[in-house]
Amino acid sequence: MSDARFVNQRMVGSSVIPDEAIPLVEGDGRFLNDIKLPGMYHVAFLRSQHAHARLIAVDASEARKLPGVIKVLTGQELLGKVDPFRSMPNRFSGGESIQHWLAVDKVRFCGEAICAVVAEDRATAEDAVDLIKVDYDPLPAVTDPRLGELDGAPLVHEACANNYLIKREYERGNVDEIFRDAHTVVKRKFKIGRKQALCLEGRGCVAGYRENTFTLTVWMSHQLPYVVRHYLAKHLRMAETDVRVIIPHTGGGFGQKASIYPEEFVCAHLALTLRRPVKWVEDRIENMVASTHARDQTIELELAADKDGHILAISSDIWVDVGAYSTYLWSAGMEPLQTAGLMPGPYRIGAMRYRTRGVATNKTPVGPYRAVGRPSASASLELLIDEMARKLKLDPVEVRLRNLISEEAMPYRSANNLVHDNVNYIPCLKLSVLKSDYDRQRAEQREALASGKLRGIGVACFAELTGLGTSTAVGPGTLLQPGRDAATLRLETSGVLTIAAALPSQGQRIMTAMRQVASDELGIKLEDITSITNDTATAPYGFGTFASRTAVFGSGAVIMAARELRKRLLAMAAFLLKVPVEDLTIVNSVIQTVDRSRSISLRDMAEKSYFSAKDIPQELNQGFEVTSFYDPKFGSFAAGAHVVVVDVDPKTGHVEIVRYVATEDVGTVINPAVVEGQIVGGIAQGIGEALLEELVYDDAGQPRTVTLADYLIPSALEIPRIELHHANTPSAALGGFKGCGEGSIIGALGAVACAISDALSRKGGDIHSFPATPERVLKGLGVLPGDA
Amino acid sequence: MKPAWFDYYAPHALDEALHLLGDAGHDGRVLAGGQSLMPMLNLRILSPAVIVDINRIEALNRLHAGADGLTVGALVRHADLLRSPDVREGWPLLWEATTQVAHMAIRNRGTVCGSVSHNDPSAEHPSVLVTMGGTVIVAGTAGHRELPAEAFFTGALSNALEPGEMVVELRYPRQPTGTGTAFVEFARRLGDFAIAGAAAMLTIRDGICERARLTVVGMGDGPLRLRAVEEMLTAHALGQKEAQDAFAEAAAMVVAAVDPTDDVHASAAYRRHLAGVMAAQALETALARAGGS
Amino acid sequence: MAREQQIKLTVNGRSYEKTVPARLSLADFLRDHLHLTGTHLGCEHGVCGACTISMNGRSARSCLALAVQADGAEIVTIEGLRAEDGTRHPMQQLFLENFALQCGYCTPGFLITAIELLRDNPKPTEHEVREAISGNLCRCSGYQAIVDAILAASRLELA
Ligand SMILES: Cc1cc2nc3c(=O)[nH]c(=O)nc-3n(C[C@H](O)[C@H](O)[C@H](O)COP(=O)(O)OP(=O)(O)OC[C@H]3O[C@@H](n4cnc5c(N)ncnc54)[C@H](O)[C@@H]3O)c2cc1C
Ligand code: FES
Ligand code: FES
């Protein structure tokens, strides 16, 4: 073997500093709002002030007269010209919702777009919005999902009886019998508040007319460029080859930018009809009311256990307030079906039952947000497991160890029909317990309690299903089975490699990850590899970035394409160097014989083969460009266990996190520092869910949290230092990768919730409603009247 | 989220500013640090026809600590107070409260007079001014007038200014020897407007409370001075045990006296509870700082 | 006249003279008129901190100042942090090396705030760092890498 200097340094597993971050740190990022095209107009939307009302008249005459105003577009004008959004067929549909791009006849939530104003600049467009007069006939607003079951209750959509957009019942095992015979049964109702992904950059688009050769070019702050292209074309009744979608730098996505919304489609229509580029970037108020919300579940959960704390069955009854429309593409099933279906998490649960509903209300539609459903499901189950443990006088760690799916039991098919394999649930918990010095934490807790301080310790374990292949639907019940993505690898004429894929990044450093993977497969130096992931004109087909799939799919496709490309490169080199192909290897962008006696750089070889092809046999000269599709078939479970210590101030209800230890299994790690960033960032969002974040509506359906002074996300002071450990085990996917984008937010909500509950229970209190605002904490302690 | 049109003036002299404001009457607004006004303009909560930017009037940029008190001109920023050793030394209540106003970048621009004029019910400065018995110097085309702090604040987001008038200066007296002060507040996150807060000032001589001042913040109407509590504490012996009982009683009186409303951050019941907690904490800390128990 | 005004100012060492509408924010002026789009808008009501720039040596929210108010001012934005030869400011370099940015939308505000912090307090504790950046929101990072980058900078004795 050759000595170390001549071996490629392995890139996968190394915290390579991502080149792609350089423009961002130097102020040269190109975000949506940074794009300017010659002659570009600006759009502002008039939005409904009412939660539920008939539109009697819209008078835009004053607005149209304002200098600088180009056009005021109403919903009526769009009728028959474009196709509105009909909720995706879902096996569990209650009824169909139809969402016009601009409201026609009726508005169904505060913030729904009614008119689009096009003007020379945004301020003028907003001036014009203020001049439009709308005559509303207010209707009773549906704000409580449970009231829809009452006779004569107001309906959000005539086609949806009881306001059900989604409804499903499921049972595996004889649940009634198990509950009847069980030693211990615990039952509780949990409420998880309405949330916002709160990307720091709003969504929006620049729609260009006849830029380059495309009739329509859309720059959009979005996670799924090809999906956008397909649906734009479909709804605008165009050929998708006339449409190009480019994703600029994106200031956060978290699922909120994975849905299809009316406003961008209106802009595309305007660009086509005005034959001018138009720009719309949502401002923060718009973002708070017109971009999808998330969570908002009421979960009645019941658990049966034997005397040793083994969980025998769970049963849940779930209500999700999914807002006014079935979110386009994903349907209204995201939260209701995933909350219910993924409830068992990492635990051995042989029998389960659920009844779940997604109920339409006059609020902003609910769509995907980081870890859909699972944080709420997991936190509810974790809290109930603790309650069971308290009842049986078992330690929370011990009871979890008894129930987690062990490595010996794998592959394990749980009651929700998912197969757990290659995943380290128990090692994650054991490591977190060890690293947090759990027993000492308990001892310190007792001392703290003895001295009048209120301290709690929370433990939560979770499973995160990542990188879903064709075998599992991403949107349960829907047609969406996005199980295939492609990467194209191309050796350029100068010998550098380009990786193209339609997997845009919102900061996950996907380009760097794919470069690292390709570098290892091909022996090409990292600096000789570039990557482009944001443009339908250059990328092969791909579904996009969501559901912790991108590292798995992107890397898998890169590996497959790289293997084919490597063959071609070596064959060409063998011909040029006149040596057997088996003697060749690629090291640091040079193809050489194993004994290093002959070599050719990729640069020389690329130039020769592209520009002096005449002497090269045709069968060798197929071009150095390979596209491969990858489908991992099954998803891979990632896992984790978090241990959290909190101090609760019994006077103010304030919760402070004093220790946070997390262990995760994310499979083979491509770039440890990037993975750590994903995990810590997810934990921060989970802490926000647990302590701060809640979208509030009043009884009339008016949103009360529309600024960043009302909707509170954590600052650096609310987030403690996160101590992170790994118990990784490779998945069955190519390269052994798993997703790591969502797991930590699941663990964080559960662990913080359990820690608070643990603290309160020491004083005979408890909490079942989250976020744990100081007020709810005091209610939980009995200091203030009311339920927590 | 862009402001509506307005006419903008940035005079260099106070007289000029007062004339502009006088002419504009109800349609005019002073622009000081802009840290409260600009968000309202951007959100189009306010659309004044005339904006008079006072930032070019050098004469208003005056921070002076003298024997008889502290003078804070209309261009003195929160950050200026924090950087002043005189303020930290001589007006610790004002200094401590200012550390709790917003964040660095906002404190660099926002003015103390602006905060007092704006009179957000959760703001720190109005209550400090009331607690310390400060004075507001008001100017208009008709001349200057002086208002005791309590007369200036007339309810949430309102003040005693007539159209065309503005605040040019605040005066804070020096505190008597033997005085301890404390400003405490509770916000969901540091730098957010407080859900509830309290400013306390106790002058202690030989273990007896000679003078007490207590104001609570966040109860809906701007700074609320609790005279009944002050009277109860005055002449009260504040040894360790007595203080404990007295402050518990004070907290109960606060809870009974305040009348907050619900908002997204807190229910009225929680605010009321918190007012008592904050009042007790402020009194305890003030007493300790006065050299009491 | 009152709705429009001519202003003269220095941005990143370069002087400009422009006529601007009075209602134009400093942020929009920098971004749309000077094409310095490195300064970002995350809320336009003062809370998120993404628009933070340096004005006459002090950090300020550029969404809460009017362009006309910057007449005569010296402004530094993220684009002005690089040295003339293009070398990154040490704080930029440390943000990069510590993975202190993911989407990068919040980064301009954090850089300006962090540089001001170390000028005022060259050896902050971790808590002081967290307190100083608590007016800047980041939705991606969980702040840990940002805090580490700033602490690393404090060890370099930046000023
Ligand atoms: C994110 C954020 C957090 C904040 N947190 C806090 C906080 O915790 N506590 C707090 O107290 N404040 C807070 N503020 C507000 C900040 O302190 C402001 O500086 C202050 O409220 C107003 O001062 P200003 O100089 O900015 O006034 P401006 O915004 O310029 O003006 C505010 C109002 O006062 C009027 N006004 C200003 N100066 C005068 C004058 N001299 N005479 C007459 N009228 C005048 C204006 O016309 C306007 O109506 C926060 C602001 C932001 C953006
Ligand atoms: S954009 Fe200025 S603080 Fe958010
Ligand atoms: S890196 Fe995305 S908001 Fe901070």
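Caption draft 1: Expanded view of the confidence of the model for chain B. Summarising the model, chain B shows a mean pLDDT of 96, and 99% of its residues fall at 70 or more. Across the interfaces of the predicted complex, the ipTM metric reaches 0.97, alongside a pTM of 0.97.

Caption draft 2: A look at the packing of helix 11 (residues 240–257) of chain B against helix 12 (residues 268–289) of chain B. Residue and element names in this part refer to chain B. Relative to each other, helix 11 and helix 12 sit at 150 degrees, their axes nearing to 8 Å. By crossing handedness, the relation of helix 11 to helix 12 is classed as right-handed. In this structure, helix 11 uses A243, F247, A250, A251, V254 and V255 to contact helix 12, whose residues at the interface are R272, H273, A275, G276, A279, A280, L283, E284 and L287. Looking at the contact of helix 11 with helix 12 residue by residue, the class counts come to 11 nonpolar, two polar and two charged.

Caption draft 3: Geometry of the interface of chain C and chain A. Each partner contributes to the interface: chain C provides 46 residues, whereas chain A provides 59 residues. Summing both partners gives a buried area of about 4,200 Å² for chain C against chain A, and 57% of it is carried by carbon and sulfur. Inspection of the region where chain C meets chain A yields eight salt bridges. Between C:E126 and A:R721 there is a salt bridge; the shortest N-O distance is 3.3 Å. If you look at where chain C meets chain A, you find 27 residue pairs in polar contact (both at pLDDT 80 or more). Elements with a minimum of two residues in the side of chain C that touches chain A: helix 1 (26–33), helix 2 (90–97), helix 3 (107–120), helix 4 (126–132) and helix 5 (144–155) of chain C. Within the side of chain C that touches chain A, the residues separate by chemical class into 18 nonpolar, 15 polar and 13 charged.

Caption draft 4: Broad picture of the pattern of salt bridges. Residue and element names in this part refer to chain A. Per the stated rule, a full pass over the model turns up 86 salt bridges over all chains. One salt bridge connects E263 with R47, and the closest N-O pair in it is separated by 2.9 Å. Here the residue E263 occupies a position in helix 7 (residues 262–274), and R47 occupies one in strand 1 (residues 41–47), the gap between them amounting to 216 residues. Here R146 makes a salt bridge to E300, at a shortest N to O gap of 2.9 Å. Here E300 lies in strand 15 (residues 293–305) and R146 lies in the loop between strand 8 (133–138) and strand 9 (164–172), a separation of 154 residues in the sequence. R146 gets classed as partly exposed once you look at its relative accessible area, which sits at 29%.

Caption draft 5: The packing of aromatic side chains, seen in detail. Residues and elements named next belong to chain A. Inspection of the entire model under this criterion finds 14 aromatic pairs over all chains. Taking the centre distance of 5.8 Å and the plane angle of 45 degrees together, the rings of F85 and W101 count as tilted. A residue pair is termed long-range when its members are at least 10 positions apart, and F85 in strand 4 (residues 85–86) and W101 in the loop between strand 5 (98–99) and strand 6 (106–107) qualify at 16 residues. The class for F85 is buried, based on a relative accessible area of 2%. Taking 5.4 Å as the distance between ring centres and 85 degrees as the angle between the ring planes, the aromatic pair formed by F85 and F265 counts as edge-to-face. With F85 in strand 4 and F265 in helix 7, the pair connects residues that are 180 residues apart, well separated along the chain. Members of the aromatic cluster, joined through ring pairs, are F85, W101, Y231, F265 and Y328. Residue placement shows R549 over the ring face of F553; its charged tip is 4.0 Å from the ring centre. Here the guanidinium or amino end of K578 rests over the ring plane of F575, the centre of that ring lying 5.7 Å away.

Caption draft 6: Geometry of the sheet that holds strand 6 of chain A. Residues and elements named next belong to chain A. Taken together, the three strands give an open sheet; going across it, the order is 6-2-8, and neighbouring strands pair in antiparallel fashion. The open sheet terminates on both sides in strands that have one partner only, identified here as strand 6 and strand 8. Inspection of the sheet shows strand 2 (residues 53–59) paired to strand 8 by six bridges, in the antiparallel sense. By the bridge assignment for strand 8, A57 is matched with D135.

Caption draft 7: Structural view of the site of ligand 1. Around ligand 1 sit 31 residues in total, of which B:R29, B:V30, B:L37, B:T111 and B:E124 are the nearest. Neighbouring residues of ligand 1 are distributed over chains B and C. About the coverage of ligand 1: the protein hides 95% of its 950 Å² of free accessible area. Of all the secondary-structure elements, those providing two or more residues to the shell around ligand 1 are strand 2 (28–31), helix 7 (112–118) and strand 8 (166–172) of chain B. Top contributing element to the shell around ligand 1 by residue count: helix 7 of chain B, with four residues. Per-class residue counts for the shell around ligand 1 are 14 nonpolar, 14 polar and three charged.

Caption draft 8: Up close: the pairing of strand 30 (residues 723–726) of chain A. All names here are of chain A. As paired strands, strand 29 (residues 655–665) and strand 30 are joined by four bridges and run parallel to one another. Within the sheet, the bridge partner assigned to V661 lies in strand 30 and is E723. Handedness of the strand 29-helix 17 (residues 672–691)-strand 30 crossover: right-handed.

Caption draft 9: Quick peek at the nonpolar core. Judged by nonpolar contacts, the single largest core of 202 residues is most densely connected at A:L303, A:Y660, A:I756, B:L202, B:L233, C:F95 and C:I150. Considering each element in turn, this core owes the most residues, 12 residues, to helix 18 (residues 743–761) of chain A. Setting aside anything within four residues of it in sequence, one finds C:F95 in contact with A:V25, C:A100, C:L101, C:T107, C:F110, C:L111, C:I146, C:A149 and C:I150. Of all hydrophobic cores here, the second largest spans 48 residues; its members include B:L14, B:W91, B:V168 and B:A199.

Caption draft 10: View of the side chain of B:E169. With respect to the element layout, B:E169 can be found in strand 8. There is a polar contact of 3.2 Å between the side chain of B:E169 and the side chain of B:R171.

Caption draft 11: How the structure looks around the interface of chain B and chain A. Taken together, the contact between chain B and chain A spans 23 residues of the former and 30 residues of the latter. Approximately 2,200 Å² of surface area, both sides summed, lies buried where chain B meets chain A, with 59% of it carried by carbon and sulfur atoms. Broken down residue by residue, the surface that chain B buries against chain A is led by B:M1, B:R188 and B:R189, which jointly contribute 32%. Applying the counting rule to chain B against chain A returns three salt bridges. Residues B:R44 and A:D130 are paired through a salt bridge, measuring 2.9 Å at the closest nitrogen-oxygen approach. Top element by residues in the side of chain B that touches chain A is helix 12 of chain B. It accounts for six residues. Considering only residue class, the side of chain B that touches chain A consists of 13 nonpolar, three polar and seven charged.

Caption draft 12: Structural detail: the domain arrangement of chain A. Residue and element names in this part refer to chain A. Assigned domains within chain A: domain 1 (19–28 + 479–630), domain 2 (32–139 + 198–290) and domain 3 (422–467 + 635–780). Computed over C-alpha atoms only, the centres of domain 1 and domain 3 are separated by 39 Å. Opposite the 19 residues of domain 1 that make contact, domain 3 presents 16 residues. Contact between domain 1 and domain 3 buries roughly 1,200 Å² in total, counting both sides, with carbon and sulfur atoms accounting for 66%. Its largest share of buried area at the contact with domain 3, domain 1 owes to Q516, S548 and V552, together 40% of the area lost on that side. Joining domain 1 to domain 3, the criterion identifies three residue pairs in polar contact (both at pLDDT 80 or more). If you list the elements that add at least two residues to the side of domain 1 that touches domain 3, you get helix 14 (510–522) and helix 15 (550–577). Ranked by residues supplied to the side of domain 1 that touches domain 3, first place goes to helix 15 with eight residues. Classifying every residue of the side of domain 1 that touches domain 3 by side-chain character gives nine nonpolar, seven polar and three charged.

Caption draft 13: Main features of the environment of A:V666. Residues and elements named next belong to chain A. Note on placement: V666 falls in the loop between strand 29 and helix 17. Residue V666 is classed as buried on the basis of its relative accessible area of 3%. Through-space distance from the C-alpha of V666 to that of E464 is 9.4 Å; in sequence the pair is 202 residues apart. Contacts of V666, omitting those with residues within four sequence positions, involve V675, I679, H726, N728, K738, G739 and C740.

Criteria and thresholds
- Residues numbered from 1 in each chain as written.
- Chains lettered and ligands numbered in written order.
- Predicted model: local features only at pLDDT ≥ 70, side-chain atom pairs only at ≥ 80, totals over all residues.
- Heavy atoms only, no water.
- pLDDT = per-residue confidence, 0-100.
- Axes fitted to C-alpha atoms, helices over the stretch in contact; angles between N-to-C directions.
- Helix = DSSP H or I, 4+ residues; strand = E, 2+ residues; numbered from the N terminus.
- Left-handed = near helix turned anticlockwise from the far one by under 90°.
- Contact = heavy atoms within 4.5 Å.
- Nonpolar A, V, L, I, M, F, W, Y, C, P; charged D, E, K, R; others polar.
- Buried area = accessible area lost by both parts, 1.4 Å probe.
- Salt bridge = Lys/Arg side-chain N within 4 Å of Asp/Glu carboxyl O.
- Polar contact = N/O pair within 3.5 Å; in protein donor to acceptor, adjacent residues only side chain to side chain.
- Buried < 20%, exposed > 50% of the residue type's maximum accessible area, 1.4 Å probe, protein only.
- Phe/Tyr/Trp six-rings, centres within 6.5 Å; stacked < 30°, edge-to-face > 60°.
- Lys NZ or Arg CZ within 6 Å of the ring centre and 35° of its normal.
- Pairing = 2+ DSSP bridges.
- Near = heavy atom within 4 Å.
- Areas by Shrake-Rupley, 256 points an atom, 1.4 Å probe, with all protein chains shown as cover.
- Right-handed = clockwise from strand over helix to strand, strands pointing away.
- Core = buried A, V, L, I, M, F, W, Y, C linked by side-chain atoms within 4.5 Å.
- Domains from an automatic or database assignment.

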